[in-house]
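Chain and residue survey
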Amino acid sequence: MGKSKRRVFPILVLLTVLIIVTACSKNAGSGDQPGVTTVTMWHGLTSIDLENMNKVVKAFEEKNPTIKMHLVYTESSEGSDQKLLTAVAGGNPPDVALLDRFKVGTWAAQGSLTDLTSMAEASGIRKELYYPFAWDESSYKGKLYAIPMDTDARLLFYNKDHFKEVGLDPEKPPKTIAELEAAAEKLTIKEGKRFKRIGFIPWYSQGWLYTWGWAFGGEFQDPATGKITANDPKVVEALQWMTDFGKKYNVEDIAGFTSAAGSEEMDPFISGQISMKVSGNFTVPGIKKFNPNLNYGVAPIPTPTGTNFTTWSGGGSAIIPKGAKNVDAAWKFLEFLGKEEGQALVNANSGFSVIDSVNAKFGYKDDPIMKEFVNILPHSHNRPVIPEGQLLWNELASATEKATRGNGTPKENLDRVTETVNKALEKYNQ
């Protein structure tokens, strides 16, 4: 009996220790110190973007000592999307993930995102804090599913030296479509079928149909019904203008120019082979790196009337996948990301904040290039937030290619886009 008692005491001690350790592990969320919850975040950040995010995490953890962020790199690609979807389906997703806002509608419709609406309301996070497009692109059917993190915008880039060379005022870029056409004609130098220099190509770089459809005053979605309106008369008018432009300069000759166009230092705008192009603020670092002496300016994208200038924007967001284990702690991090302090850290060295007051603090108003992007942001659009956003993008690109190449009229092609996408959306309304 004595030997038996001596054995029981160590066993009881061991069991007690195991119970305590297990309880602490549950409290820690990931086996960290007692009372500390570990929030796992999947991301595809590298270089300066990752440096900025690490600063965000440090500042957040200092304010929230009971939460520890664990950042896990997942390649920024369709493969990483599939990995995240698989994790959600398997009931083992990360607590936070970074997602292109363009995808929010698709993921929300699939039931893969946590509804943030009530948490946002309780935290004082509301639409009025942000540029309208950023909030709208983070929402689906009236509910908030993501916290917008950063953004961009598109403007007309133009070569001031080229303008001077042909007698155009370098401080008066074109405002109307007619002025844009006239400038393009003056700036173009063509020898036979070869462009020695081309003034402008509507669909080059960021000259998507979204760009011109909105510039012409069109809309791609009916806000009341949610249906796609790619064949809006103003969008048709925009595509007709692009098609006519292609006919004037011979679309095949333009294709020869664009197919030979390079990137980085061989970008035709940086190398002086194209005088004007629509692009985004993400083009500026390349110009500074590869041709810092380039004498250029940026201006609002021309419109038919020379008024009502607009643009469109994209950007990243933070989401809580459906089935996340530490929703409350994850929301604390999203809340930090969504307010001024987090926004200032995330966007300290690249991109723009989705909060106007943060951009004002960055001093962009003193930069002749960057201030133009900031000025246009309050008037920017977001692409329609629908479950079939990628389908719509692909169909619009296809319609542009077909129309400009003479394969069907702009209206015929855009009627087809409207029918195709709305048919695909029907299954989500059943």
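Here, the structure is the one placed above.
Now for a description of the structure that goes with this document. Please read all numbers here as calculations on a predicted model, not as lab measurements.

1. A closer look at the packing of helix 2 (residues 47-63) against helix 13 (residues 327-338)
The geometry of helix 2 relative to helix 13 is characterised by a closest axis approach of 11 Å and an angle of 120° between their N-to-C directions. For the element pair helix 2 / helix 13, the angle class is oblique. When the axes of helix 2 and helix 13 are compared, the crossing they make is right-handed. Each of Met 53, Val 56, Val 57, Ala 59, Phe 60 and Lys 63 in helix 2 lies in contact with helix 13, whose residues at this interface are Ala 329, Lys 332, Phe 333, Phe 336 and Leu 337. Counted by class, the contact of helix 2 with helix 13 contains nine nonpolar, no polar and two charged residues.

2. Section: the sheet that holds strand 13 (residues 316-319)
Here five strands make up an open sheet; going across it, the order is 2-1-3-13-6 and the pairing mixed. Each of the sheet's edge strands pairs with one partner strand only, and the pair in question is strand 2 (67-73) and strand 6 (147-148). Bridging between strand 6 and strand 13 involves two bridges; their strand directions are antiparallel. Bridge pairing in strand 13 links Ile 147 to Ala 318. Sheet strands touched by helix 2: strand 1 (37-43), strand 2 and strand 3 (96-100). Its angle to strand 2, the strand with the most contacts, is close to 165°.

3. Remarks on empty space enclosed by the protein
The tally for this structure, following the rule as stated, stands at one cavity of 30 Å³ or more. In this structure, the largest cavity occupies an estimated 50 Å³ of space. Taken together, Trp 208, Leu 209, Tyr 210, Trp 393, Leu 396 and Ala 397 make up the lining of the largest cavity. Only helix 9 (209-215) and helix 17 (389-404) provide two or more residues apiece to the lining of the largest cavity.

4. Quick word on the sheet that holds strand 10 (residues 276-280)
As summarised here, the arrangement of the three strands in space is 10-7-11, forming an open sheet in which the pairing is antiparallel. With one partner strand each, in any of the chains shown, strand 10 and strand 11 (296-299) form the two edges of the open sheet. Each adjacent strand pair in this sheet contributes to an overall mean axis angle of 35°, direction not counted. Pairing of strand 7 (residues 154-159) with strand 11 involves four bridges; the strand directions are antiparallel. Its bridge partner being in strand 11, Leu 156 is matched across the sheet by Ala 299.

5. So, the layout of surface pockets
Considered as a void within the structure, the largest pocket measures approximately 1400 Å³ in volume. If you trace the largest pocket, you find 48 residues lining it, with Leu 45, Asp 49, Asp 150, Gly 315 and Gly 316 closest to the centre. Among the secondary structure elements, those contributing two or more residues to the lining of the largest pocket are strand 1, helix 2, helix 3 (78-89), strand 3, helix 12 (284-290), strand 13 and helix 17. Its residues assigned to classes, the lining of the largest pocket shows 18 nonpolar, 19 polar and eleven charged.

6. What to know about the pairing of strand 2
Across seven bridges, the pairing between strand 1 and strand 2 is parallel. Paired with Met 41 across the strands is Leu 71, a residue of strand 2. You can see the chain leave strand 1, run along helix 2 and come back into strand 2, and the turn it takes is right-handed.

7. Here's the deal with the pairing of strand 9 (residues 194-197)
Bridging between strand 8 (residues 189-191) and strand 9 involves three bridges; their strand directions are antiparallel. In the sheet register, Ile 189 faces strand 9, and the bridge partner there is Arg 197. With antiparallel pairing between neighbouring strands as the criterion, strand 8 and strand 9 make up a hairpin whose turn holds two residues, including Gly 192 at a positive phi of roughly 65°.

8. So, the pattern of salt bridges
Inspection of the entire model under this criterion finds 20 salt bridges. The residue Lys 103 makes a salt bridge to Asp 81 at a minimum N-O spacing of 2.6 Å. Of this pair, Lys 103 sits in the loop between strand 3 and helix 4 (104-109) while Asp 81 sits in helix 3, and the two are 22 residues apart along the sequence. The pair formed by Lys 103 and Asp 81 is uniform in burial state, with each residue classed as buried. In this structure, Arg 197 and Glu 165 form a salt bridge, with 3.2 Å as the shortest nitrogen-oxygen distance. Highlighted residues: Arg 197 in strand 9 and Glu 165 in helix 7 (residues 160-165), separated in sequence by 32 residues. A residue is classified by how much of its surface remains accessible, and Arg 197, at 6% relative accessible area, is buried. Linked through salt bridges whose partners overlap, the residues forming this network are Glu 252, Glu 401 and Arg 405.

9. A short note on the packing of aromatic side chains
Per the counting criterion, the structure on display carries 27 aromatic pairs. Both rings, one in Tyr 210 and one in Trp 312, keep their centres 6.0 Å apart while their planes meet at 55°; by these two values the pair is tilted. Taken together, the positions of Tyr 210 in helix 9 and Trp 312 in strand 12 (residues 311-312) put the pair 102 residues apart, joining distant regions of the chain. Across the pair, Trp 312 and Tyr 210 agree in class, each one buried. Aromatic rings pair up to connect Phe 102, Trp 208, Tyr 210, Trp 214, Phe 220, Trp 312 and Trp 393 into one cluster.

10. With respect to the nonpolar core
In terms of nonpolar packing, the biggest core is built from 105 residues, with Phe 200, Trp 212, Met 276, Phe 333, Phe 373 and Leu 414 touching the most fellow members. When residues in this core are grouped by element, the largest group, eight residues, is from helix 10 (residues 233-249). In contact with Trp 212, not counting residues within four places along its chain, are Ile 177, Leu 180, Phe 200, Pro 202, Gly 207, Ala 238, Trp 241, Met 242, Val 278, Ile 301 and Pro 302.

11. Observations regarding the environment of Ile 369
Checked against the element boundaries, Ile 369 lands in the loop between helix 15 (356-361) and helix 16 (370-376). For the pair Ile 369 and Thr 211, spaced 158 residues apart in the sequence, the C-alpha separation amounts to 19 Å. The contact partners of Ile 369, leaving out residues within four places of it in the chain, are Val 284, Tyr 296, Gly 297 and Val 298.

Criteria and cut-off values
Residues numbered from 1 in each chain as written. Predicted model: local features only at pLDDT ≥ 70, side-chain atom pairs only at ≥ 80, totals over all residues. Heavy atoms only, no water. Axes fitted to C-alpha atoms, helices over the stretch in contact; angles between N-to-C directions. Helix = DSSP H or I, 4+ residues; strand = E, 2+ residues; numbered from the N terminus. Parallel < 35°, antiparallel > 145°, perpendicular 65-115°, else oblique. Left-handed = near helix turned anticlockwise from the far one by under 90°. Contact = heavy atoms within 4.5 Å. Nonpolar A, V, L, I, M, F, W, Y, C, P; charged D, E, K, R; others polar. Pairing = 2+ DSSP bridges. 1 Å grid on protein atoms, 1.4 Å probe; cavity = no way out; pocket = protein on both sides within 12 Å on 5 of 7 lines; lining within 4 Å. Points joined across faces, edges and corners; volume = space filled by probe spheres on them. Right-handed = clockwise from strand over helix to strand, strands pointing away. Salt bridge = Lys/Arg side-chain N within 4 Å of Asp/Glu carboxyl O. Buried < 20%, exposed > 50% of the residue type's maximum accessible area, 1.4 Å probe, protein only. Phe/Tyr/Trp six-rings, centres within 6.5 Å; stacked < 30°, edge-to-face > 60°. Core = buried A, V, L, I, M, F, W, Y, C linked by side-chain atoms within 4.5 Å.

As far as function goes, none of this settles anything; it's purely spatial.
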